[in-house]
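The chain contents come next:
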Amino acid sequence: SLFLQRHESNALLLDSMLDLLLLLGVGMIVGVTVDRERQEHYKAQQAERLAALGQTAAMMAHEIKSPLVTIGGFAHMLLRHPTVERGDQQKLEIIATEVERLERLVHDALDFARPMAFEMQCCQVRELLDRARSVIQPQTGLRGIHLVEESDLEELELSCDREKIQQVFINLLDNAIQYTPEGGTIRLRACLAPTGKLRFEIYDSGKGIPEDMLDILFEPFSSKRKGGSGLGLAIAQRIVQAHGSCIEVTNLPEGGACFRFELPLVTHTQP
């Protein structure tokens with residue numbers, strides 16, 4: 001009888017363990033399902049929000065564009081007039097500069113709002129890096145910032161939209177310039193990633209990204225920088241996502257931040 005009691009006790013314990021494992025399994029399945037639904041709901045909300053922001057930005061940009069062109073045109077015309085006094089000339093220069101800043105904002109808003117069409121083609125890494133350097137050179141030179149390239153993969157070919165990816169480089173480098181102090185260094189690195197794609201990394205030597213900004217950095221109009229809108233990073237993220245990747249950002253222990261993304265390489269088949 002003692003043997004039977006022990007056997008029944010072991011059977012009850014086994015049943016209890018099986019019930020517990022079953023409950024844990026059901027709980028995990030429910031948890032995963034709820035988490036997935038929550039993520040899908042969040043993505044849907046984000047998509048609706050971005051669509052609404054895009055429509056609003058497009059309407060505002062179209063309404064603002066014409067008056068800005070008129071104001072900027074008159075300001076530049078008066079600046080060229082020989083009878084304008086020095087004090088008035090300085091005021092006109094401020095007007096012209098601020099109009100140009102608003103025109104860039106309007107341009108970015110229209111870029112963000114309009115649907116993007118992509119033309120994939122083969123292009124060399126060297127070509128992309130050279131064009132990015134030539135466009136950004138005036139800004140780095142003006143502030144004494146050193147732009148250092150670290151890559152020995154220039155002859156590799158990428159499959160991408162050349163003009164759109166060029167915009168990504170310019171937007172990310174412009175962001176790095178804004179946060180790098182005068183005389184600082186920006187590093188542009190290209191290397192092979194474990195995924196088999198080519199990884200680009202842009203390092204700045206600023207103070208890093210505030211923790212409360214990391215999760216919303218690529219959302220439009222999220223920038224806290226004076227004169228910034230955040231549209232440049234939002235547009236860059238959209239372009240990279242259309243190429244099957246995403247821009248990631250991390251703060252560096254020594255200060256500054258690193259933005260990285262990957263692009264697919266062109267694979268040539270042997271004849």
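Trainee: Just checking my understanding: could you explain the overall build of the protein for this structure?
Mentor: Helices and strands together make up the secondary structure of the protein, namely five helices and seven strands. Along the protein, helices and strands appear, N-terminal first, in the series α-α-β-α-β-β-α-β-β-α-β-β. Scored against the burial criterion, the 271 residues of the protein give a buried share of 32%. Long-range pairs, those at least 24 residues apart, make up 73% of the contacts in the protein with a sequence separation of at least 6.

Trainee: Teacher, can you tell me more about the pairing of strand β6 (residues 248-251) here?
Mentor: Within a regular beta strand, the side chains point alternately toward one face of the sheet and then the other, so they alternate between its two faces. Sheet topology note: the β6/strand β7 (residues 257-263) ladder contains four bridges and is antiparallel. Bridging from a neighbouring strand, Glu248 pairs with Arg260 of β7. Between β6 and β7, which pair antiparallel one after the other, the connecting turn spans five residues, and Gly255 there sits at a positive phi close to 105 degrees.

Trainee: It is not clear to me how the environment of Asp161 should be interpreted in this structure. Could you clarify?
Mentor: Turning to its location among the elements, Asp161 is positioned in the loop between β3 (157-160) and α4 (162-179). We classify Asp161 as buried; its relative accessible area is 5%. Separated by 42 residues in the primary sequence, Asp161 and Glu119 place their C-alpha atoms 5.1 Å from one another. Within the structure, the side chain of Asp161 is placed 3.1 Å from the backbone nitrogen of Lys164, a separation counted as a polar contact.

Trainee: Quick question: what am I supposed to make of the packing of aromatic side chains here?
Mentor: Each aromatic ring pair is characterised by the separation of its centres together with the angle its planes make. For the structure on display, the rule yields four aromatic pairs. Measuring from centroid to centroid gives 5.0 Å for Phe169 and Phe200, while their planes differ by 90 degrees, and the two rings are edge-to-face. Here Phe200 lies in strand β5 (residues 198-203) and Phe169 lies in helix α4, a separation of 31 residues in the sequence. An identical accessibility class is assigned to Phe169 and Phe200; each is buried. Taken together, the ring pairs in this structure connect Phe169, Phe200 and Phe261 into an aromatic cluster. The ring of Phe118 carries the charged tip of Lys164 above its face, separated from the ring centre by 5.5 Å. Across the ring face of Tyr203, the terminal group of Arg187 is positioned such that the distance to the ring centre comes to 4.1 Å.

Trainee: Got a minute to help me understand the environment of Pro67 in this structure?
Mentor: Summarising the element assignment, Pro67 is placed in helix α1 (residues 2-79). Through-space distance from the C-alpha of Pro67 to that of Val99 is 9.9 Å; in sequence the pair is 32 residues apart.

Trainee: I would appreciate a short explanation of the pattern of salt bridges in the present structure.
Mentor: Side chains that differ in sign of charge can pair as their charged atoms come close. Tallying each qualifying case throughout the model produces nine salt bridges. Across the pair Asp130 and Arg126 runs a salt bridge whose closest N-O atoms are separated by 3.0 Å. Note that Asp130 and Arg126 are positioned in helix α3 (residues 125-143) at a spacing of four residues, about one turn of the helix. Owing to a relative accessible area of 39%, Asp130 belongs among the partly exposed residues under this scheme. Judged by relative accessible area, Arg126 falls into the partly exposed class, the value being 21%. Notably, a salt bridge pairs Arg162 with Glu127, separated by 2.8 Å at the nearest N-O pair.

Calculation notes
Residues numbered from 1 in each chain as written. Predicted model: local features only at pLDDT ≥ 70, side-chain atom pairs only at ≥ 80, totals over all residues. Heavy atoms only, no water. Helix = DSSP H or I, 4+ residues; strand = E, 2+ residues; numbered from the N terminus. Buried < 20%, exposed > 50% of the residue type's maximum accessible area, 1.4 Å probe, protein only. Contact = heavy atoms within 4.5 Å. Pairing = 2+ DSSP bridges. Polar contact = N/O pair within 3.5 Å; in protein donor to acceptor, adjacent residues only side chain to side chain. Phe/Tyr/Trp six-rings, centres within 6.5 Å; stacked < 30°, edge-to-face > 60°. Lys NZ or Arg CZ within 6 Å of the ring centre and 35° of its normal. Salt bridge = Lys/Arg side-chain N within 4 Å of Asp/Glu carboxyl O.

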